[in-house]
Amino acid sequence: MECTRFRYGQCNQDVACVGPIACRIVTCVVPWQWDPSCDDTPATDNSTRFHDRACLHNGFTDIAPSAFYTEAVEWAIEAGIAKGYNSDIFGPGELAPRSHMATFLWRYMGSPEVETTTPFVDVAPSDWFANAVAWMAAEGITTGTAPNRFSPDQFVTRGEAITFLWRLAGEPEASTQIPFADVPAAAFYGRAVAWAVENELTTGLSPTIFGGSFWIDRAQVLTFLHRFDQRIGVPV
């Protein structure tokens, strides 16, 4: 913005520019007050993507108020399914490691206790995601990326994410034809994608592209999970 100086923690970003330089509103309740430290010094802001909340100091600063993922992310946060990287940053656009998705699913199911340890050599019992991965393995939701490896730091693909949810639902068969040209008949996630389309969990990246091998970010993972909760519900 040329005429308005950004300051973190400010509110009411719809206020029009006042004069050559005007600080944004700093109070989040009426009566609105101007920051008395505001001056006419030119300022450059290279972090405008963090300025799309009505009140930047109230919650995460990087969750847009009307993005496709907003409802899903806020639902996941309120339900204790997902947490941010710190008190300000949630990271909706950060790619989701497999450890994150395992933890999201585990928390969604109520963080169930597991009596067995993980069968994967790359998941230590002390890892913060160990219980989640052990639960996934015990429930048959994951078989790992190899017989003895889970690859917790590897990013989740869209195909893997949908397959995890499909297995969580009990691997139901779908009668819907897959509309995506990039989902081969032999793809491990093919039946899962058909089920996801039938239950409106996904519409793909386009009408003909699913993008099964593409990495998925935290916002997309939680959007899939939120739709799962709305359309399928917690398995019993």
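As the structure is a prediction and not an experimental result, all values here were calculated from the model.

J.: What am I meant to see in the overall build of the protein chain here?
T.: Looking only at helices and strands, the protein chain has six helices and two strands in total. Taken from the N to the C terminus, the helices and strands of the protein chain come in the order β-β-α-α-α-α-α-α. Each of the 236 residues in the protein chain was classed as buried or not, and the buried ones make up 43%. Of all intrachain contacts in the protein chain linking residues separated by at least 6 positions in sequence, the fraction that spans at least 24 positions is 63%. When the accessible area of the protein chain is evaluated, it comes to approximately 12,400 Å², of which 52% is carbon and sulfur surface.

J.: Whenever I open this one, the pattern of salt bridges confuses me. Can you help?
T.: As a working rule, side chains carrying opposite charge can pair if their charged atoms are close by. Applying the stated criterion across every chain, the model contains three salt bridges. Residues Glu 160 and Arg 98 are paired through a salt bridge, measuring 3.3 Å at the closest nitrogen-oxygen approach. With Glu 160 in helix 4 (residues 158-168) and Arg 98 in helix 2 (residues 98-108), this pair connects stretches of sequence that are 62 residues apart. Residue Glu 173 pairs with Arg 191 through a salt bridge whose shortest N-O separation is 2.3 Å.

J.: Sorry, what's going on with the confidence of the model for the protein chain here?
T.: Close inspection of predicted coordinates is inappropriate in any region flagged by low pLDDT. Confidence along the protein chain averages 82 in pLDDT terms, with 75% of residues attaining 70 or more. The low-confidence segment residues 1-32, where pLDDT is below 50, has 80 contacts with residues more than four positions distant or belonging to other chains. Ignoring residues within four places in sequence, the model shows residues 51-57, a span with pLDDT below 50, making 34 contacts including any to other chains.

J.: Is there a simple way to think about the nonpolar core in this case?
T.: A general tendency of soluble globular proteins is for nonpolar side chains to be buried together. Ile 81, Met 101, Leu 105, Leu 165, Val 193, Leu 222 and Leu 225 are the most contacted members of the largest nonpolar core, which totals 52 residues. Within the residue set of this core, elements represented by two or more residues are helix 1 (70-78), helix 2, helix 3 (130-138), helix 4, helix 5 (190-198) and helix 6 (218-231).

J.: Could you clarify how one ought to interpret the packing of helix 4 against helix 6 in this entry?
T.: In a pair of packed helices, the angle between the axes and the distance between the axes together describe the arrangement. As a packed pair, helix 4 and helix 6 sit with axes 11 Å apart at the nearest point and diverge in direction by 25°. One finds that helix 4 runs roughly parallel with respect to helix 6. The two elements helix 4 and helix 6 meet at a crossing, and its hand is right-handed. Where helix 4 abuts helix 6, its residues Arg 158, Ala 161, Ile 162, Leu 165 and Leu 168 lie against Gln 220, Phe 224, Leu 225 and Phe 228. Looking at the contact of helix 4 with helix 6, its residues break down into seven nonpolar, one polar and one charged.

J.: Just checking my understanding: could you explain the environment of Met 136 for this structure?
T.: On the secondary structure map, Met 136 appears in helix 3. For the pair Met 136 and Leu 168, spaced 32 residues apart in sequence, the C-alpha to C-alpha distance is 8.9 Å. In this structure Met 136 touches Ala 102, Leu 105, Ile 141, Thr 142 and Phe 164, once residues within four positions along its chain are discounted.

J.: How do you make sense of the side chain of Thr 157 when you look at a structure like this?
T.: Along the chain, the position of Thr 157 falls in the loop between helix 3 and helix 4. What makes Thr 157 buried here is its relative accessible area of 13%. In this structure, Thr 157 is in contact with Gly 212, Ser 213, Phe 214, Trp 215 and Ile 216, ignoring residues within four places of it in sequence.

J.: What's the story with a nonpolar patch on the surface in this structure? I'm lost.
T.: Nonpolar side chains collect at one region of the surface, where Leu 205, Ile 209 and Phe 214 lie side by side and expose about 260 Å² of accessible area between them. Judged by relative accessible area, Ile 209 falls into the partly exposed class, the value being 32%.

J.: Looking at this model, I keep getting lost on the packing of helix 4 against helix 5. Mind explaining?
T.: Between helix 4 and helix 5, the shortest axis-to-axis distance is 8 Å and the interhelical angle comes to 75°. Comparing their axes, helix 5 and helix 4 come out roughly perpendicular. In this structure, helix 4 contributes Ile 162, Thr 163, Leu 165 and Trp 166 to the contact, and helix 5 contributes Arg 191, Ala 192, Val 193, Trp 195 and Ala 196. Across the contact of helix 4 with helix 5, the residue classes break down as seven nonpolar, one polar and one charged.

J.: Got a minute to help me understand the packing of aromatic side chains in this structure?
T.: The relation between two aromatic rings is expressed through the spacing of the ring centres and the mutual angle of the planes. The final tally for this structure, using the stated rule, is ten aromatic pairs. Ring centres of Tyr 108 and Phe 228 lie 6.1 Å apart, and the angle between their planes is 80°; on these two criteria the pair is classed as edge-to-face. With a gap of 120 residues between them, Tyr 108 in helix 2 and Phe 228 in helix 6 connect regions that are remote in the sequence. Among the aromatic side chains, those forming a connected cluster through ring pairs are Trp 75, Tyr 108, Trp 195 and Phe 228. Positioned above the aromatic ring of Phe 150 is the side chain of Arg 98, whose terminal nitrogen or guanidinium carbon lies 4.4 Å from the ring centre. Over the ring of Phe 90 we find Arg 218, and its NZ or CZ is 4.4 Å from the ring centre.

Rules of the game
- Residues numbered from 1 in each chain as written.
- Predicted model: local features only at pLDDT ≥ 70, side-chain atom pairs only at ≥ 80, totals over all residues.
- Heavy atoms only, no water.
- Helix = DSSP H or I, 4+ residues; strand = E, 2+ residues; numbered from the N terminus.
- Buried < 20%, exposed > 50% of the residue type's maximum accessible area, 1.4 Å probe, protein only.
- Contact = heavy atoms within 4.5 Å.
- Areas by Shrake-Rupley, 256 points an atom, 1.4 Å probe, with all protein chains shown as cover.
- Salt bridge = Lys/Arg side-chain N within 4 Å of Asp/Glu carboxyl O.
- pLDDT = per-residue confidence, 0-100.
- Core = buried A, V, L, I, M, F, W, Y, C linked by side-chain atoms within 4.5 Å.
- Axes fitted to C-alpha atoms, helices over the stretch in contact; angles between N-to-C directions.
- Parallel < 35°, antiparallel > 145°, perpendicular 65-115°, else oblique.
- Left-handed = near helix turned anticlockwise from the far one by under 90°.
- Nonpolar A, V, L, I, M, F, W, Y, C, P; charged D, E, K, R; others polar.
- Patch = residues over 30% accessible without salt bridge, like charges linked within 9 Å, V, L, I, M, F, W, Y side chains within 5 Å.
- Phe/Tyr/Trp six-rings, centres within 6.5 Å; stacked < 30°, edge-to-face > 60°.
- Lys NZ or Arg CZ within 6 Å of the ring centre and 35° of its normal.

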